[in-house]
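Listed below, chain by chain, are the residues.
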Amino acid sequence: MAGLTIAVASGKGGAGKTTVATALAVSLGKGLSEIQFLDCDVEEPDAALFIKPEIEATTEITIDAPEVDRTACDGCGKCQEACEFNAIRVESGKAAVYEDLCLGCGCCKLACPEGAITEKKRRIGVVETGKREDIVFYRGLLDVGGGLTSAVIRHVKAMARGDIPTILDCGPGTSSPVIASLKGCDYCLLVTEPTPFGLSDIGLMLEVARTVGVPCGIVVNKCQPWSPTVDDFASVWDVPILMRIPFRREIAYQCSRGVTLPEADPFWDDTFWKLFDDIGKMVWKGR
Ligand code: SF4
Ligand code: SF4
């Protein structure tokens, strides 16, 4: 299954997404010669607490941010018209850049007839790379106060290899960073708790994933015998339930110590390998 890329998402924080993603990676790492893990929850990356990789390199991520030469600017406003993000505006007869809104697309520079706009490198975050035994680890870190979350995620994915199985931990929510994470993935595991809030959020995630064209399956976390609503939900949405993780104090305790499920109990190795096999079969069947 070389190159199979599985995203793990939840639509909300605290559902157990990182618990599932890291457990899957650790189980697969024991049997495959190489696997890679991408932590794309770049605003709060915490997978390293479980995987515990040795970080070997840090790469700065920059964009080409515009800089206005106010002596050359005549206030014509063409840069403002060209910017789709309202990141450059003419004020008091001169153009001014709002860095927090700027994506560094370069359109304003192209639009300026006076050559008044040049570009400078602006750092938006870093990508850390490391290793733990057979798990190659990538982690995106958005700079504090920065807003270009999707750009950092795209860099993480661009730096990763395409020839080995990949587990990608998405951020919470259903906005553009999650879409940037999902694009190009073969499959999306949706982790949910069996509660109305959990199901509402993965309903939103299902709509997003289907729009992006990524097939999905559900992992029910903190599963209890008296919570059958997930089955009804899965039936209505025509999405398979691939795994159930019981609601147990011991699991919560091990997770709070940064111990992955298969490290806490080898029983989980077979369970996560079966999950990987099931996903692989669905993906190859769909191709
Ligand atoms: S680089 Fe792009 S986003 Fe930034 S100010 Fe110019 S046009 Fe707007
Ligand atoms: S396009 Fe150039 S000259 Fe015109 S307002 Fe913008 S920076 Fe100034």
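Up top you'll find the structure we're talking about.
Residues numbered from 1 in each chain as written. Chains lettered and ligands numbered in written order. Predicted model: local features only at pLDDT ≥ 70, side-chain atom pairs only at ≥ 80, totals over all residues. Heavy atoms only, no water.

Peer 1: Could you give an account of the site of ligand 1, with specific residues and numbers?
Peer 2: Within the structure, ligand 1 sits among P66, C83, F85, A87, I88, C102, L103, G104, C105, G106, C107 and C108. Considering only residue class, the shell around ligand 1 consists of 10 nonpolar, two polar and no charged. (Near = heavy atom within 4 Å. Nonpolar A, V, L, I, M, F, W, Y, C, P; charged D, E, K, R; others polar.)

Peer 1: How would you summarise the site of ligand 2 if you had to cite specific residues and measurements?
Peer 2: Around ligand 2 sit 13 residues in total, of which C73, C76, G77, C79 and C112 are the nearest. For the shell around ligand 2, the class distribution of residues is eight nonpolar, two polar and three charged.

Peer 1: Report on the packing of helix α7 (residues 196-212) against helix α8 (residues 229-237), specifying residues and quantitative values.
Peer 2: In a pair of packed helices, the angle between the axes and the distance between the axes together describe the arrangement. Remark: α7 packs on α8, axes separated minimally by 12 Å, with the N-to-C direction vectors making an angle of 25 degrees. One way to sum up the angle between α7 and α8 is to call them roughly parallel. Once α7 is placed against α8, the crossing between them reads as right-handed. For the pair α7 and α8, contact is made by L199, I202, G203, L206, E207 and R210 and by T229, V230, F233 and W237, respectively. Here the contact of α7 with α8 is built from residues that sort into six nonpolar, two polar and two charged. (Axes fitted to C-alpha atoms, helices over the stretch in contact; angles between N-to-C directions. Helix = DSSP H or I, 4+ residues; strand = E, 2+ residues; numbered from the N terminus. Parallel < 35°, antiparallel > 145°, perpendicular 65-115°, else oblique. Left-handed = near helix turned anticlockwise from the far one by under 90°. Contact = heavy atoms within 4.5 Å.)

Peer 1: Account for the nonpolar core, with residues named and values stated.
Peer 2: Of all hydrophobic cores here, the largest spans 42 residues; its most connected members are L182, L190 and I218. Of all the elements, α7 adds the most residues to this core, at six residues. Once residues lying within four places of it in the same chain are set aside, the contact partners of I218 are L190, T192, I202, V230, F233, A234, V239, P240, I241, L242 and M243. Formed by 35 residues, the second largest nonpolar core is a distinct cluster that contains A21, A23, M243 and I279. (Core = buried A, V, L, I, M, F, W, Y, C linked by side-chain atoms within 4.5 Å. Buried < 20%, exposed > 50% of the residue type's maximum accessible area, 1.4 Å probe, protein only.)

Peer 1: Requested: an account of the packing of aromatic side chains, with residues and values cited.
Peer 2: Scanning the model with the defined rule gives five aromatic pairs in all. Where F37 meets F137, the ring centres are 5.9 Å apart and the plane angle is 5 degrees; that geometry is what we call stacked. Of this pair, F37 sits in strand β2 (residues 35-39) while F137 sits in strand β7 (residues 135-142), and the two are 100 residues apart along the sequence. Each member of the pair F37 and F137 is classed as buried. Considering the side-chain rings of W268 and F272, the 6.0 Å spacing of their centres and the 50 degrees angle between planes classify their relative orientation as tilted. Note that W268 and F272 are positioned in helix α11 (residues 267-286) at a spacing of four residues, about one turn of the helix. (Phe/Tyr/Trp six-rings, centres within 6.5 Å; stacked < 30°, edge-to-face > 60°.)

Peer 1: Pulling in residues and values, what's your account of the pairing of strand β10 (residues 216-223)?
Peer 2: Within β10, seven of the eight residues are buried, which leaves the element mostly enclosed by the surrounding structure. Here five bridges tie strand β9 (residues 187-192) to β10, and the two strands are oriented parallel to one another. Considered in β10, the bridge of T192 is made with V220. Since β9 and β10 lie parallel, the crossover through α7 that links them has a hand, and here it is right-handed. Sheet topology places β10 next to strand β11 (residues 241-246); four bridges connect them, and they run parallel. Residue C223 lies in a different strand from β11, and its bridge partner there is P246. (Pairing = 2+ DSSP bridges. Right-handed = clockwise from strand over helix to strand, strands pointing away.)

Peer 1: Quick one: what's the story with the sheet that holds β11, residue by residue and with numbers?
Peer 2: Pairing is mixed in the open sheet, where nine strands are placed in the order β3-β6-β7-β2-β8-β1-β9-β10-β11. On the outer flanks of this sheet lie β3 (54-68) and β11, each paired with one strand and no other. Going from strand to strand, the sheet's axes swing by 20 degrees on average, the running direction of each strand aside. In the sheet, strand β6 (residues 117-132) pairs with β7 via eight bridges, with the strands oriented antiparallel. By the bridge assignment, G125 is partnered in β7 with L142. Across the sheet, helix α1 (residues 17-31) touches β1 (5-9), β2, β6, β7, β8 (166-169), β9, β10 and β11, and the angle it forms with β8 is around 165 degrees.

Peer 1: Would you mind going over the side chain of Q36 in detail, with residue names and values included?
Peer 2: Counting through the fold element by element, Q36 comes out in strand β2. Exposure remark for Q36: the relative accessible area of 0% places this residue in the buried category. Polar side-chain contacts of Q36 include one of 2.4 Å to the backbone oxygen of R161. Dropping the residues within four chain positions of it, Q36 is found in contact with V136, Y138, A160, R161, I164, P165, T166 and I167. (Polar contact = N/O pair within 3.5 Å; in protein donor to acceptor, adjacent residues only side chain to side chain.)

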